[in-house]
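Here are the chains, one letter per residue:
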Amino acid sequence: MWKEKTGLQLYSVRDELQKDFEGTLRKVKEMGYGAVEFAGLYDNEPEKVKALCEEIGLVPLSAHVPFQELTADPEGTVERYRRAGCRYIVIPYLTEEYRPGAEKFDDVLKYARLLGEICARNGMALQYHNHDFEFAKIDGEYALDVLYREVGPELLQTQIDTCWVNVAGEESKFGATVEETEELVQSVSGLPGIRICGLMTIAPFVENAEDNRLYFRKLRQMSVDIERKNIDNVSMNVLSMGMTGDYTVAVEEGAAYVRVGTGIFGERDYVKGMVNK
């Protein structure tokens with residue numbers, strides 16, 4: 001275990017890594033993080049990445065690796081991240097054709113088993129990072145339950161995305177509705193190896209941060225209500241809400257985690273990001 005016990009998903013600073021890989025990792029360490037989860041190695045050799053992390057004092061704990069990249073070369077891809085020092089490989093997202101109810105969802109089950117076996121042979125573990133679409137039901141059973149049951153806990157661990165809630169009801173935002181949240185918490189809490197520690201929301205983009213206070217307050221009240229239910233494997237110690245433009249209001253309403261990437265690194269160039277893809 002690393003001393004600080006706090007890690008950063010490097011997708012959050014992907015643009016900065018593209019410009020200055022080593023410099024960005026050093027800044028991440030200076031900010032107080034003790035471990036990182038990669039989202040690509042940016043054309044760096046795995047051994048170089050591992051050595052750089054050791055020099056800086058970062059634990060290269062895990063990596064989000066696109067499902068298509070993993071299936072194109074299962075052995076080689078896992079080996080690459082093993083050489084970078086990673087202990088976990090995470091399936092971070094499924095494109096529409098692989099999602100529950102789509103024609104290739106069975107491929108996810110098949111490859112998850114295969115990848116889990118390869119990770120185990122390399123002294124690593126495979127994890128799955130959920131979104132909202134895994135809570136579609138297949139013959140009355142949540143697809144996420146199907147995935148873990150079919151693959152098995154010995155081959156697939158969970159990287160649960162803290163339950164995020166669309167308290168504002170915006171169509172542009174994903175996540176559980178206020179009405180769906182308790183049922184979702186009840187279901188996820190029964191999965192093996194899972195402990196839910198809080199709720200997350202992203203409020204609307206507004207000019208006046210005070211306009212979002214009611215959404216932050218609503219999420220806080222929801223966490224209090226769920227806490228009072230005394231659900232096994234559920235605590236509401238964490239509220240993740242607030243961004244650069246409204247985080248002060250969010251903190252006043254009880255936020256423990258905020259997202260302030262724009263405040264630290266400046267506005268993201270979305271057009272450039274699309275071109276790079």
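All values derive from a computational prediction rather than experimental measurement. (Residues numbered from 1 in each chain as written. Predicted model: local features only at pLDDT ≥ 70, side-chain atom pairs only at ≥ 80, totals over all residues. Heavy atoms only, no water.)

Participant: Talk me through helix 6 (residues 105-121); I want residue IDs and the actual numbers.
Facilitator: With 17 residues, helix 6 should reach 24 Å at 1.5 Å per residue; the first-to-last C-alpha distance of 25 Å fits that figure. Within helix 6, burial applies to F105, V108, L109, A112, L115, G116, I118 and C119. In this structure, the buried residues of helix 6 make contact with helix 4 (67-72), helix 5 (74-83), strand 4 (88-91), strand 5 (125-129), strand 6 (137-138) and helix 7 (143-151). One or two positions beyond helix 6, positive phi appears at G123, with a value near 70 degrees. (Helix = DSSP H or I, 4+ residues; strand = E, 2+ residues; numbered from the N terminus. Expected span 1.5 Å × (residues − 1). Buried < 20%, exposed > 50% of the residue type's maximum accessible area, 1.4 Å probe, protein only. Contact = heavy atoms within 4.5 Å.)

Participant: How would you sum up the packing of aromatic side chains? Please name residues and give values.
Facilitator: Within this structure, the stated rule accounts for four aromatic pairs. The ring of Y142 carries K137 above its face, with NZ or CZ at 4.9 Å from the centroid. (Phe/Tyr/Trp six-rings, centres within 6.5 Å; stacked < 30°, edge-to-face > 60°. Lys NZ or Arg CZ within 6 Å of the ring centre and 35° of its normal.)

Participant: Residues and numbers for a nonpolar patch on the surface, please.
Facilitator: On the surface, a nonpolar cluster with roughly 260 Å² of combined accessible area is contributed by M31, I264 and F265. With respect to the secondary-structure elements, F265 resides in helix 11 (residues 261-265). The exposure class assigned to F265 is partly exposed, which follows from its relative accessible area of 31%. (Patch = residues over 30% accessible without salt bridge, like charges linked within 9 Å, V, L, I, M, F, W, Y side chains within 5 Å. Areas by Shrake-Rupley, 256 points an atom, 1.4 Å probe, with all protein chains shown as cover. Salt bridge = Lys/Arg side-chain N within 4 Å of Asp/Glu carboxyl O.)

Participant: Give a description of the side chain of N212 that names residues and reports values.
Facilitator: As for its position among the elements, N212 is in the loop between strand 9 (196-200) and helix 9 (213-227). At a separation of 2.9 Å, a polar atom in the side chain of N212 contacts the main-chain carbonyl oxygen of P204. Ignoring sequence-local partners within four residues, the contact set of N212 consists of A203, P204, V206 and D246. (Polar contact = N/O pair within 3.5 Å; in protein donor to acceptor, adjacent residues only side chain to side chain.)

Participant: Can you break down the environment of A125 residue by residue, with the values?
Facilitator: Tracing the chain through its elements places A125 in strand 5. Residue A125 is classed as buried on the basis of its relative accessible area of 13%. Residues in contact with A125, not counting those within four places in the same chain, are R87, Y88, I89, C119 and Q157.

Participant: Describe in detail unusual backbone geometry, supporting the description with residues and values.
Facilitator: Look at Y42: it is not a glycine, yet its phi comes out positive at around 55 degrees. Note that Y42 resides in the loop between strand 2 (35-38) and helix 3 (46-56). Here N230, not a glycine, exhibits a phi torsion of approximately 55 degrees, which is positive. Of note, N230 is situated in the loop between helix 9 and strand 10 (234-243).

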